[in-house]
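In case you want the letters, here they are:
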Amino acid sequence: KEGKAAAGGGGTALTSGLKRIALAAAGAASAYISIRTITNGLRDIAKLGGDLSDLAARTNISVRNLVVMRQAFDDAGVGADRVSQSIALMQRQLAEAATSGSGPAADAISRLGLSVEDLMAMAPDEQFRLLAERIGSVEDPAIRTGIAMDIFGRSGNDLVTLFKDAGAFEKA
């Protein structure tokens, strides 16, 4: 009996010790995962900062305004990564309309009650917001989509959701 009691007592102490070791290992693993998560998050933030800085240099839009645009795109389900492409398409279409004075983009801009010359005098983010506001105010969905596509190419169809939300940029 004494041998069994001693073995049982030792088994309990051993089990208790193993539990403490397992808990300590779990705590260490949890801390490692937390540190890794934080490190990855910081790396992602630094990359986003670099990407925004590069995009600001390419588009002549402030980082602050790019952050707002990215959020508005994301909120509309368009995807924040589409800001650069949308700005580039818009600027290409505006430049073409300004040099040729005609074409689908020039016609679409005219239908919105705007002039290419006035748009060209604005900063790119102001151009985008004004176009978004005017396109969003077009009542007929087919005409709204057609105008958006004339100015933003095929991606104009995806942007209509953003344009329909009049307060998208203020909310963002």
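Residues numbered from 1 in each chain as written. Predicted model: local features only at pLDDT ≥ 70, side-chain atom pairs only at ≥ 80, totals over all residues. Heavy atoms only, no water.

1. Quick look at the overall build of the protein
Okay, step 1: Secondary structure summary: the protein contains nine helices and zero strands in total.
Okay, step 2: Start at the N end of the protein and walk to the C end: the helices and strands fall as α-α-α-α-α-α-α-α-α.
Okay, step 3: The buried share of the protein, reckoned over its 172 residues, is 31%.
Okay, step 4: Within the protein, contacts between residues at least 6 apart in sequence are counted, and of these 52% link residues at least 24 apart. (Helix = DSSP H or I, 4+ residues; strand = E, 2+ residues; numbered from the N terminus. Buried < 20%, exposed > 50% of the residue type's maximum accessible area, 1.4 Å probe, protein only. Contact = heavy atoms within 4.5 Å.)

2. So, the packing of aromatic side chains
Both the distance between ring centres and the angle between the ring planes are used here to describe each pair of aromatic rings.
Okay, step 1: Inspection of the entire model under this criterion finds five aromatic pairs.
Okay, step 2: Pairwise contacts between aromatic rings join Phe 73, Phe 128, Phe 152, Phe 163 and Phe 169 into one cluster. (Phe/Tyr/Trp six-rings, centres within 6.5 Å; stacked < 30°, edge-to-face > 60°.)

3. Section: the confidence of the model for the protein
Okay, step 1: For the protein, mean pLDDT is 82; residues scoring 70 or higher make up 79% of the total.
Okay, step 2: Counting interchain partners and residues more than four positions distant, the pLDDT-below-50 stretch residues 1-8 has zero contacts. (pLDDT = per-residue confidence, 0-100.)

4. Quick look at the side chain of Ser 155
Okay, step 1: Locating Ser 155 in the fold gives a position in the loop between helix H7 (141-152) and helix H8 (156-164).
Okay, step 2: Once residues lying within four places of it in the same chain are set aside, the contact partners of Ser 155 are Arg 82 and Leu 89.

5. Details of a nonpolar patch on the surface
Okay, step 1: Judged by side-chain polarity, Leu 14, Leu 18 and Ile 21 come together as a nonpolar surface patch covering roughly 320 Å² of accessible area.
Okay, step 2: Looking at the element boundaries, Ile 21 is found in helix H1 (residues 2-59). (Patch = residues over 30% accessible without salt bridge, like charges linked within 9 Å, V, L, I, M, F, W, Y side chains within 5 Å. Areas by Shrake-Rupley, 256 points an atom, 1.4 Å probe, with all protein chains shown as cover. Salt bridge = Lys/Arg side-chain N within 4 Å of Asp/Glu carboxyl O.)

6. Looking at the nonpolar core
Grouped burial of nonpolar side chains is what soluble globular proteins tend to show.
Okay, step 1: Phe 128, Leu 131, Ile 135, Ile 151, Phe 152, Leu 162 and Phe 163 are the most contacted members of the largest nonpolar core, which totals 37 residues.
Okay, step 2: Those elements that place two or more of their residues in this core are helix H2 (63-75), helix H3 (83-100), helix H4 (104-111), helix H5 (116-120), helix H6 (124-136), H7, H8 and helix H9 (168-171).
Okay, step 3: Apart from the residues lying within four places of it in its own chain, the contact partners of Phe 163 are Phe 128, Ala 132, Ile 135, Gly 136, Ala 148 and Phe 152. (Core = buried A, V, L, I, M, F, W, Y, C linked by side-chain atoms within 4.5 Å.)

7. A word on the pattern of salt bridges
When the charged atoms of two side chains lie near each other, side chains of opposite charge can form a pair.
Okay, step 1: Applying the stated rule across the entire model yields two salt bridges.
Okay, step 2: We note a salt bridge from Arg 82 to Asp 158, for which the minimum N-O separation is 3.1 Å. With Arg 82 in the loop between H2 and H3 and Asp 158 in helix H8, this residue pair connects regions lying 76 residues apart in the sequence.
Okay, step 3: Among the residues examined, Asp 158 registers a relative accessible area of 36% and is labelled partly exposed.
Okay, step 4: The partner of Lys 171 in a salt bridge is Asp 165, and the shortest N-O contact between them spans 3.0 Å.
Okay, step 5: Residue class for Asp 165 comes out partly exposed when judged on its relative accessible area of 31%.

8. Here's the deal with the environment of Met 120
Okay, step 1: Mapped onto the secondary structure, Met 120 falls in helix H5.
Okay, step 2: The class for Met 120 is partly exposed, based on a relative accessible area of 40%.
Okay, step 3: Taking the C-alpha atoms as reference, Met 120 lies 7.8 Å from Ala 98; in sequence the two are 22 residues apart.
Okay, step 4: For Met 120, the contacting residues outside a window of four places in its chain are Leu 94, Ala 95, Ala 98 and Gln 127.

9. Details of the packing of H4 against H7
Okay, step 1: Axis separation between H4 and H7 bottoms out at 8 Å; the angle between their running directions is 135°. Classified by the angle their axes make, H4 and H7 are oblique. Where H4 crosses over H7, the two elements pack in a sense that is left-handed. Contacts between H4 and H7 involve Pro 104, Ala 105, Ala 108, Ile 109 and Arg 111 from the first element and Ile 143, Ile 147, Asp 150 and Ile 151 from the second.
Okay, step 2: For the contact of H4 with H7, a count of residues per class yields seven nonpolar, no polar and two charged. (Axes fitted to C-alpha atoms, helices over the stretch in contact; angles between N-to-C directions. Parallel < 35°, antiparallel > 145°, perpendicular 65-115°, else oblique. Left-handed = near helix turned anticlockwise from the far one by under 90°. Nonpolar A, V, L, I, M, F, W, Y, C, P; charged D, E, K, R; others polar.)

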